[in-house]
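Overview (structure and organization)
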Amino acid sequence: MQPKRTVIMISGRGSNMAALVEAAAEHGHPAKIVGVLSDKAEAPGLDYAARAGIATRVVARADYASADLHDGAIDEALEELGAELVCLAGYMRKLSPGFVRKWLGRVINIHPSLLPLFRGLNSHRQALEAGVRIHGCTVHFVTPAIDAGPIIAQAAVPVLPDDSEETLAARVLAMEHKLYPRALRLVAEGKVQMQGERTAFQGFRVLRESSDRALFAPEPDTGVVDVESLARFTP
Ligand code: GRF
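To start, this report covers the structure provided alongside it. (Residues numbered from 1 in each chain as written. Predicted model: local features only at pLDDT ≥ 70, side-chain atom pairs only at ≥ 80, totals over all residues. Heavy atoms only, no water.)

Attention now moves to the state of the cysteines. According to the stated counting rule, one finds zero disulfides in the structure shown. Unpaired in terms of disulfides, Cys87 finds its nearest cysteine sulfur in Cys137, a separation of 14 Å. What makes Cys87 buried here is its relative accessible area of 0%. (Disulfide = S-S within 2.5 Å. Buried < 20%, exposed > 50% of the residue type's maximum accessible area, 1.4 Å probe, protein only.)

This is the structure in structure tokens:
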């Protein structure tokens, strides 16, 4: 089977894009990254893509009179690159309903939370404010509503008691870089598909040993004794 021609859309740093490019470069990978498109000419990720020998396109919002026209130009660029799949990787603009309808089931996105929790911006701040002990990231199909499409895959990380937004974001980002390439592989292989409001999974073996695996946060008692507090409370 020919690898699926995939275009990555970014607005900035592009670390997820780099993770996807690296994974797809492996021999026999079911996706081929044929282009990186940005709405920002200054997106640092564009340099990485160009150095990796990938076609880059800038489609800036300011060059178009409306969001619909902007998305029309993006659509043209995707067609011209021969895109079959599109990965949003830090693309910071809402796509218009017409664009989403045309590409439905072929555009996926990564969001830094365990959806449906903490949609939109500042997901790490939202997680810290809510006091959740487990946080993470989600890859989902893109639908007109932001961060609300059928979920493809998720990865979870613990929230540590002394986390700041930055430390938590870094822990989640490291997982994003593992999760997104896996999710792209599943979509490119046709093992997951968008079916209405759900994701349909095909050809998955049931791994019994994974059914009793869990992430605990805080960790169950590790047997570590805090000597200072022990001294304080010894009568
Ligand atoms: C990531 O946290 C991604 O989940 C979110 O935007 C951020 C983009 O980071 N949608 P990068 O540009 O991939 O480094």
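Here the focus is the sheet that holds strand 1 (residues 4–10). Strand order in the open sheet formed by seven strands is 3-2-1-4-5-6-7, and the pairing between neighbours is mixed. With partners counted over all chains shown, the strands left at the sheet margins are strand 3 (56–58) and strand 7 (151–158), one partner each. The average undirected angle you get between the axes of adjacent strands in this sheet is 20°. Of the strand pairs in this sheet, strand 2 (residues 31–38) and strand 3 are connected by three bridges, and their pairing is parallel. Bridging from a neighbouring strand, Leu37 pairs with Arg57 of strand 3. Most of the contacts of helix 1 (residues 15–24) go to strand 2, to which it runs at about 155°, and overall it touches strand 1, strand 2, strand 4 (85–88) and strand 5 (107–111). (Pairing = 2+ DSSP bridges. Helix = DSSP H or I, 4+ residues; strand = E, 2+ residues; numbered from the N terminus. Axes fitted to C-alpha atoms, helices over the stretch in contact; angles between N-to-C directions. Contact = heavy atoms within 4.5 Å.)

A separate point is the nonpolar core. Among the nonpolar cores identified, the biggest contains 40 residues, and Ile8 and Ile152 are the most heavily contacted of them. For this core, the element with the most residues is helix 6 (residues 165–189), which contributes nine residues. The contacts of Ile152, once residues within four sequence positions are left out, are Ile108, Val139, His140, Phe141, Ala183, Val187, Val192, Thr199 and Phe201. By size, the runner-up hydrophobic cluster in this structure holds 20 residues, among which are Leu78, Leu88, Val107 and Val142. (Core = buried A, V, L, I, M, F, W, Y, C linked by side-chain atoms within 4.5 Å.)

Turning next to the site of the ligand. Taken together, Arg13, Gly14, Ser15, Asn16, Gly90, Ile110, Pro112 and Glu176 form the complete shell of residues around the ligand. At a separation of 3.1 Å, a nitrogen atom of the ligand approaches a polar backbone atom of Ile110. Residue Glu176 places a side-chain N or O atom 2.6 Å away from an oxygen atom belonging to the ligand. Burial of the ligand by the surrounding chains reaches 85%, relative to a free accessible area of 370 Å². In terms of residue class, the shell around the ligand is made up of two nonpolar, four polar and two charged. (Near = heavy atom within 4 Å. Polar contact = N/O pair within 3.5 Å; in protein donor to acceptor, adjacent residues only side chain to side chain. Areas by Shrake-Rupley, 256 points an atom, 1.4 Å probe, with all protein chains shown as cover. Nonpolar A, V, L, I, M, F, W, Y, C, P; charged D, E, K, R; others polar.)

Another point: the pattern of salt bridges. Overall, the coordinates contain eight salt bridges when judged by the stated rule. For the salt bridge of Arg93 with Asp39, the shortest nitrogen-to-oxygen distance reads 3.0 Å. With Arg93 in the loop between strand 4 and helix 4 (97–103) and Asp39 in the loop between strand 2 and helix 2 (45–51), this pair connects stretches of sequence that are 54 residues apart. A salt bridge links Glu80 to Arg57; the shortest N-O distance between them is 3.1 Å. With a gap of 23 residues between them, Glu80 in helix 3 (residues 67–80) and Arg57 in strand 3 connect regions that are remote in the sequence. On the basis of relative accessible area, Glu80 is assigned to the exposed category, the value being 55%. Connected through salt bridges with shared partners, the residues Asp39, Lys40 and Arg93 form a single ionic network. (Salt bridge = Lys/Arg side-chain N within 4 Å of Asp/Glu carboxyl O.)

Take the packing of helix 5 (residues 123–130) against helix 6 next. When two helices pack together, their arrangement is given by the angle between the helix axes and by the axis-to-axis distance. Where helix 5 contacts helix 6, the axes come no closer than 9 Å and their chain directions differ by 115°. Here helix 6 runs roughly perpendicular to helix 5, going by the angle between their axes. Here the hand of the crossing between helix 5 and helix 6 comes out right-handed. Residues His124, Arg125, Ala127 and Leu128 of helix 5 form the contact with helix 6, whose participating residues are Glu165, Leu168, Ala169 and Val172. A class-by-class count of the residues in the contact of helix 5 with helix 6 yields five nonpolar, one polar and two charged. (Parallel < 35°, antiparallel > 145°, perpendicular 65-115°, else oblique. Left-handed = near helix turned anticlockwise from the far one by under 90°.)

Below, the discussion takes up helix 1. Most of helix 1 sits inside the fold, with eight of its 10 residues counted as buried. Along helix 1, the residues classified as buried are Asn16, Met17, Ala18, Ala19, Leu20, Val21, Ala23 and Ala24.

Structurally, His124 is set in helix 5. What His124 contacts, discounting residues up to four positions off in sequence, is Pro112, His135, Glu165, Leu168, Ala169 and Val172.

This brings us to the side chain of Asp75. Along the chain, Asp75 falls in helix 3. Relative accessible area serves as the criterion here: at 17%, Asp75 is assigned to the buried category. Of note is the side chain of Asp75, whose polar atom sits 2.9 Å from the side chain of Trp103. Ignoring sequence-local partners within four residues, the contact set of Asp75 consists of Phe99, Lys102 and Trp103.

Honestly, it's all geometry; don't read function into it.
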